[in-house]
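Descriptive structure summary
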Amino acid sequence: MFEEGQLYSPVTQHDDGSVEVHLSDNHPGRNDAHYLARRGEIAGAALAWTRGEPIPVIDYTDAEHEIWRTVSHELAPKHEKYAHSEYVVAKHALGLPTEHVPQLHEVTERLEPITGWTYIAAPGLVPLRDFYGDLGAKTFNSTQYLRHGSEPLYTPEPDIIHEVIGHGNQLASPRFARITEAAGKASLRVETDEAMKFIADVFWFSMEFGVMREHGEVKAYGAGILSSTGEMDEFGHMEHRALDLADMGTLNYDITHYQPILFCAESVDELEDVVGTFFDEVDDDLAAKLRAEAVERGLVEAP
Ligand code: NLE
Ligand code: FE2
């Protein structure tokens, strides 16, 4: 069982100021010295940044632009076919570049006039409560590095392609943006780690990996599916369950593979009614009650 936080590779800053990123044993960039150095450099820029200053500008290499281009071009036709129209319309409204990696300030310049959201730089993992607290203030902590060039079509580790093509386009929908903000505000309302985890898991099975019926077909609206061409090819063949908060908040998942179980909303209305209302109302008691319900129904073992 992975915590969402372990999606990101740990970053350490040495006494001499250099920054090291620790990639997992199965990371495609693990033995690529050039990639490792680059990851350290980009994480270092975010570590050196303080709020209120201009967001660090990364001088992306041709190879990095090429990864962005490849993935953008592979995803575009898949989005038109298999993404929910709420996302597709938002994506067209945002109009992100496809030929070069955008700077985070460019993302903000496009996004803020539409839904009021801002992108800021993160070196990697941001503690769960900080990440969600910022969502409550319409602020998205985004990594700036790119996935390894040898495996452009899927990565378990969130990179700028995921943060921007997945979440950025999603946050250009006023309806998806509002649900995301509500998840952030919910985090400020709960005190127990159990309730925080429950919120993060409902978020995982909705805004990260949610699917939704549209004109009789199951379409993707979750950012983790929408940023991965591999996942875009597969989500239609996975198990699709009806929205069910007790199940979503307690189901175990492995972040390193395509998600085999997905929760399907019947419409944006239903997503707002079930998940949006949950985020608007959840407190420690409600999360504990839903967890007890999951135990009662045999969805999860008693703690
Ligand atoms: N699997 C996604 C991708 O390849 O873009 C990233 C998911 C991050 C939660
Ligand atoms: Fe994400």
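A brief look at the structure comes next. (Residues numbered from 1 in each chain as written. Chains lettered and ligands numbered in written order. Predicted model: local features only at pLDDT ≥ 70, side-chain atom pairs only at ≥ 80, totals over all residues. Heavy atoms only, no water.)

**Some words on the coordination of the iron ion (ligand 2)**
Spelled out, the test is: Metal donors: N, O and S atoms at distances within 2.8 Å, or within 3.2 Å for Na, K and Ca, with water omitted from the atom set so that some sites may seem incomplete. Under the classification used here, a metal with four donors is tetrahedral if each angle lies between 85 and 135 degrees, square planar if opposite donors are over 155 degrees apart and the others between 65 and 115, a six-donor metal meeting that same test is octahedral, and anything else is irregular. Helix and strand definitions here come from DSSP, where helices need a minimum of 4 consecutive H or I residues and strands a minimum of 2 consecutive E residues; each element is numbered from the N-terminal end. Partly exposed residues are those whose accessible area sits between 20% and 50% of the maximum for their type, while under 20% is buried and over 50% is exposed, using a 1.4 Å probe and protein chains only.
Surrounding the iron ion (ligand 2) are the protein donor atoms His162 (NE2), His167 (NE2), Glu208 (OE) and Glu208 (OE), at 1.9 to 2.7 Å. Around the iron ion (ligand 2) sit four donor atoms, and with donor-metal-donor angles ranging over 54 to 139° the site reads as irregular. Look at where the donors of the iron ion (ligand 2) fall in the sequence and you get H-x4-H-x40-E. In this pair, His167 sits in helix 6 (residues 160-171) while Glu208 sits in helix 8 (residues 193-208), placing the two residues 41 residues apart along the sequence. Judged by its relative accessible area of 7%, Glu208 falls in the buried class.

**What about the environment of Ile42?**
Quick note on the threshold: Whether two residues are in contact is decided by their heavy atoms, any of which lying within 4.5 Å being enough.
Inspection of the secondary structure puts Ile42 in helix 1 (residues 33-48). Linking Ile42 and Ala122, residues 80 residues apart in sequence, is a C-alpha distance of 9.6 Å. With residues near it in sequence (within four places) discarded, Ile42 still touches Ile58, Glu64, Gln144 and Tyr145.

**Some remarks on the site of ligand 1**
Heads up, the condition is: Residues are counted as near a molecule or strand when any one of their heavy atoms sits within 4 Å of it. N or O atoms within 3.5 Å of each other form a polar contact, as long as, within protein, one can give a hydrogen and the other can take it, and as long as residues adjacent in sequence are counted only when both atoms are side-chain atoms. In this classification, Asp, Glu, Lys and Arg are treated as charged, Ala, Val, Leu, Ile, Met, Phe, Trp, Tyr, Cys and Pro as nonpolar, and every other residue, Gly included, as polar.
In the vicinity of ligand 1, the contacting residues are Arg147, Tyr154, Thr155, Pro156, Pro158, His162, Gly224, Ser227 and Ser228. At 2.8 Å from a nitrogen atom of ligand 1 is found a main-chain nitrogen or oxygen belonging to Thr155. Ser227 has a polar side-chain atom sitting 2.5 Å from an oxygen atom of ligand 1. Here the residues of the shell around ligand 1 sort into three nonpolar, five polar and one charged.

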